[in-house]
Each structure stands twice: as structure tokens, then as C-alpha cells.
Amino acid sequence: MEKISRKYIPNKFGDKFSIIKESRSFKEFYSLWENTKNKKPFMLGRLRVVITNFCNLNCAYCFNEGVKKNANFINPADLDFILKSINRKIKDIKITGGEPLLHPQIKEVIDICCKYKNTSITTNGLLLKKFTAVLNKSKIDYIRLTLDRPYFENFRGGMIDSNKFNLIKGGIKSMAKPVAVNMVITKNNINDIDNMITFCENMGIKKLSLISLIKFNKYIDSVYVSPLKIEEKLNKMSNSHKVVSNSRKSYQLKNIIVDLVWQYCTLGCNICKTDGFIRVTTDNKFKYCLGEKTEISFKKELNDRDSKGLMNKFDNAISKLGDFSN
Ligand SMILES: C[S@@+](CC[C@H](N)C(=O)[O-])C[C@H]1O[C@@H](n2cnc3c(N)ncnc32)[C@H](O)[C@@H]1O
Ligand code: SF4
């Protein structure tokens with residue numbers, strides 16, 4: 001099959017596509033693009049609320065949700081006002097960071113999000129045990145835990161020793177809420193997928209998402225594994241899958257649902273926009289994918305407590321979802 005290469009990329013994408021190194025067959029990619037291009041803008045946004053850019057780890061591959069790493073925490077009263085203003089136009093909420101469990105008012109933040117929409121939280125798990133009661137008593141739907149591998153050696157580039165790994169495992173065991181695992185696939189852990197599935201089974205985890213890397217630094221180049229390779233591996237492990245969205249395929253392996261999250265171009269392809277994700281940052285902006293430069297600041301509206309103005313800004317952000325013209 002013909003593979004996509006730079007010369008096939010429609011001009012409209014311009015330099016945004018220069019980072020594509022490999023993709024699916026040209027035919028498949030092109031039909032996906034056509035499909036995306038003709039889609040009506042999303043009416044409902046799927047919010048990723050970056051409640052802090054502060055973290056207790058420093059993973060070499062971390063894109064930090066495209067925000068600077070200096071400590072900054074979303075103010076709960078501001079968050080409440082933002083969500084109240086745009087509630088009608090959001091489908092669900094993911095709380096993320098940085099490490100969200102480092103937020104000094106995490107309980108309040110979770111309660112606020114849950115008041116408005118179905119909410120999940122993504123964490124590196126180091127503080128899961130500490131916040132067991134807060135999470136279990138909250139209305140949060142599920143916890144998404146990022147694990148590189150099912151054992152501690154070289155876990156997150158050697159930042160986790162056996163004590164910390166046991167702490168994470170203890171946290172998982174104490175969770176009354178469902179836990180899903182994110183495993184970012186690199187050359188270092190691609191052969192651990194099988195073991196991770198067994199780990200999930202043993203820990204009572206039902207869902208594993210294999211995340212292909214978004215490339216943005218030299219370290220990632222050195223450990224990068226193409227999503228095609230991950231897909232090949234999964235196809236060998238299972239003979240059927242479901243297409244969940246433009247960026248996601250889902251396999252049933254043993255008793256675990258295993259998703260492959262495909263970063264198409266790795267930066268700026270816009271396909272992720274068709275999945276409807278919009279980030280809310282700690283510096284009061286709406287943002288899309290990390291390669292997309294557009295930022296819509298709502299600082300003034302927030303300071304003035306101008307709910308209508310904030311809604312207009314969000315409408316503006318939503319109207320660009322699925323839009324390939326900019
Ligand atoms: C930025 S982290 C924030 C939440 C939390 N600190 C954690 O690690 O789960 C959110 C997710 O993005 C993933 N991630 C970070 N850098 C990435 C990259 N370059 N490509 C793909 N996923 C990445 C992380 O592994 C994690 O699952
Ligand atoms: S724990 Fe999460 S936010 Fe922190 S450095 Fe790692 S991926 Fe980034």
C-alpha cells in the first residue's frame with residue numbers, strides 16, 4: 001500500500017504537516033481528512049481542564065498539555081464561574097495537569113466539576129493513596145492513571161523506585177471508583193503491553209489506553225514508536241476491533257478493553273479537533289491541540305465576571321472545532 005508522504009499532503013495544511021513521518025496508507029488518511037473536513041462543527045466541547053501546570057515528576061516525554069511548567073493553580077471560584085458560563089456547551093470534563101492531585105483545593109475543584117458534568121481525572125498516581133477518601137467520596141466517574149510499565153524498573157525514566165511503585169499500587173487497590181490506565185508507548189515499553197494487560201487484570205482494571213507519542217522534542221525522537229507498529233502488534237493479539245473515533249480503535253484483549261490512541265500527524269493535524277477536545281488553561285485561555293497556535297483568552301471576561309462574554313468566547317472556540325480553514 002502507498003504510504004503518505006510530504007508530497008501528498010494537501011497544500012491547505014501547509015507547514016503544519018511537516019512533522020508527519022509516517023501514517024496510515026494515503027487512501028485511509030485522505031478519506032479521514034475528507035471526512036473531517038466536511039464535518040459540522042461540534043456543538044459540545046469536551047473540556048480538558050488543566051488545573052495546574054505544577055508536577056511532582058518530570059517525564060522526559062511530557063508535553064505538559066502545552067502549558068509552561070511554572071506552578072500555577074486554577075482558582076476554584078474562577079473555575080466555577082467558567083463552568084457555569086459555558087455549561088450548556090460542554091459534554092464532559094477531564095481534570096488534568098501537571099499533576100492535578102497537587103492542587104491545594106483539589107476536593108473543591110472536583111466537586112465543582114462534578115456539579116456541572118460527568119468528570120474524570122488523569123493522574124500519575126503518586127498521591128492516589130493520600131486522596132483515596134476525597135476521590136472515593138466524590139462524584140467523579142473514573143480515575144485515569146498513567147503507568148509506563150507494570151513494574152518499577154525504569155518506570156518514568158527511573159523516577160519511581162519500588163516504594164513509590166507500591167504506593168501507586170496501594171492507591172489503585174484502595175480506589176472504589178473505576179480506574180483506567182494510560183500507557184504512553186515508547187521503544188522502552190512496547191514489549192510490556194502483554195504484561196501490562198496481565199497487571200490490569202490482577203489489579204481489577206478494565207480499561208487500558210495505549211497512547212502513541214506526540215513528538216515535540218529530541219528525546220521523543222529517540223524513543224518514538226509509530227502507532228502503525230502498535231496497531232500491528234494489537235492486530236496480532238486480536239482479530240477484531242471497533243473504531244471508536246477518528247483517533248481511537250478499541251480491542252478486547254483477555255478481559256480488558258485496550259484502546260489505541262493514534263496521534264495522526266503528531267502536531268497540528270486538526271483531526272483531534274473532530275474529537276471535540278478543548279483545553280482550559282490556568283492562564284485563562286481556551287486551546288486546542290498542542291500544535292495549534294490558536295489561543296482564545298477569556299481573561300477579561302473572567303475578571304469582569306461577564307458570563308455572556310465568556311460564553312461568546314467559548315462559542316468562538318467551539319465553532320473552530322472541525323474547521324480546517326485556518
Ligand atoms: C500531561 S499528563 C497530566 C496528568 C498526570 N500528570 C499524568 O501523568 O497522568 C496527561 C497525559 O498525557 C500523557 N503525555 C504526556 N506527554 C505526552 C506525549 N509527548 N505524547 C503523548 N502523551 C503524552 C501522559 O502520559 C498522561 O497520560
Ligand atoms: S507526571 Fe504527567 S504532567 Fe508530570 S511530567 Fe509526567 S506526564 Fe507530565
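Residues numbered from 1 in each chain as written. Chains lettered and ligands numbered in written order. Predicted model: local features only at pLDDT ≥ 70, side-chain atom pairs only at ≥ 80, totals over all residues.

- Within an unreviewed UniProt entry, the label attached to the chain reads Radical SAM core domain-containing protein.
- Quoted straight from UniProt, the Cofactor (unreviewed entry) entry for the chain says "[4Fe-4S] cluster". (UniProt positions renumbered as here; feature names shortened; annotations may be inferred.)

**Thoughts on the overall build of the chain**
- When helices and strands are counted, the chain shows ten helices and twelve strands.
- Counting across all 326 residues of the chain, residues that qualify as buried make up 37%.
- Looking at the chain alone, contacts between residues at least 24 apart form 70% of all its contacts between residues at least 6 apart. (Helix = DSSP H or I, 4+ residues; strand = E, 2+ residues; numbered from the N terminus. Buried ≥ 20, exposed ≤ 12 C-beta atoms within 10 Å, placed from the backbone. Contact = placed C-beta atoms within 7 Å.)

**Quick look at the pairing of strand 9 (residues 256-261)**
- Pairing between strand 6 (residues 207-212) and strand 9: five bridges, direction parallel. Residue pairing across strands places Leu210 opposite Leu260, the latter belonging to strand 9.
- With six bridges joining them, strand 8 (residues 248-253) and strand 9 adopt antiparallel strand pairing. Counterpart to Leu253 in the pairing with strand 9 is Ile256. (Pairing = 2+ DSSP bridges.)

**Remarks on helix 2 (residues 76-86)**
- Leu79, Ile82, Ser85 and Ile86 are the residues of helix 2 that are buried. Buried residues in helix 2, looked at end-on, bunch into an arc of 135°, giving them a common side. (Arc of directions from axis to C-beta.)

**A look at the site of ligand 1**
- Taken together, the neighbourhood of ligand 1 is formed by 19 residues, with Phe63, Asn124, Thr146, Asn182 and Ile214 sitting nearest.
- Among the elements of the structure, strand 3 (119-123) and strand 5 (179-185) are those that each provide at least two residues to the shell around ligand 1.
- Grouping the amino acids of the shell around ligand 1 by side-chain chemistry returns nine nonpolar, eight polar and two charged. (Near = placed C-beta within 6 Å. Nonpolar A, V, L, I, M, F, W, Y, C, P; charged D, E, K, R; others polar.)

**Details of the nonpolar core**
- Residues Val49, Ile95, Val109, Met183, Leu208 and Leu210 are the most contacted members of the largest nonpolar core, which totals 61 residues.
- Apart from the residues within four sequence positions on either side, Ile95 is in contact with Val49, Ile51, Pro100, Val109, Ile110, Cys113, Thr119 and Ile121. (Core = buried A, V, L, I, M, F, W, Y, C linked by C-beta atoms within 7 Å.)

**Re helix 5 (residues 162-173)**
- For helix 5, spanning twelve residues, the distance from its first C-alpha to its last is 16 Å, which sits close to the expected 16 Å at 1.5 Å a residue.
- Of the surrounding secondary structure, the elements contacted by the buried residues of helix 5 are helix 4 (132-137), strand 4 (142-146), strand 5 and helix 6 (193-203). (Expected span 1.5 Å × (residues − 1).)

**Focus: the environment of Ile106**
- Secondary-structure assignment places Ile106 in helix 3 (residues 106-116).
- A count of 22 C-beta atoms within 10 Å places Ile106 in the buried class.
- Measuring from C-alpha to C-alpha, the distance between Ile106 and Val134 comes to 8.6 Å, with 28 residues separating the pair along the chain.
- Beyond its immediate stretch of four places on either side in the chain, Ile106 contacts Pro100, Leu101, Phe131 and Val134.

**Remarks on the pairing of strand 2 (residues 90-96)**
- Taken together, the six bridges between strand 1 (residues 45-50) and strand 2 define a ladder with parallel strand orientation. Looking at the pairing, Val50 lines up with Thr96 of strand 2.
- Two elements, strand 2 and strand 3, share three bridges in a ladder whose sense is parallel. In the sheet register, Ile93 faces strand 3, and the bridge partner there is Thr119.

**Structural notes on the packing of helix 2 against helix 3**
- Look at helix 2 against helix 3: their axes get within 10 Å of each other, and the N-to-C directions meet at 10°. Comparing the axis directions of helix 2 and helix 3 gives the class roughly parallel. Taking contact as the criterion, the partners of Pro76, Leu79, Asp80 and Leu83 in helix 2 are, on helix 3, Glu108, Val109, Ile112, Cys113 and Tyr116.
- When grouped by side-chain class, the residues that make up the contact of helix 2 with helix 3 number seven nonpolar, no polar and two charged. (Axes fitted to C-alpha atoms, helices over the stretch in contact; angles between N-to-C directions. Parallel < 35°, antiparallel > 145°, perpendicular 65-115°, else oblique.)

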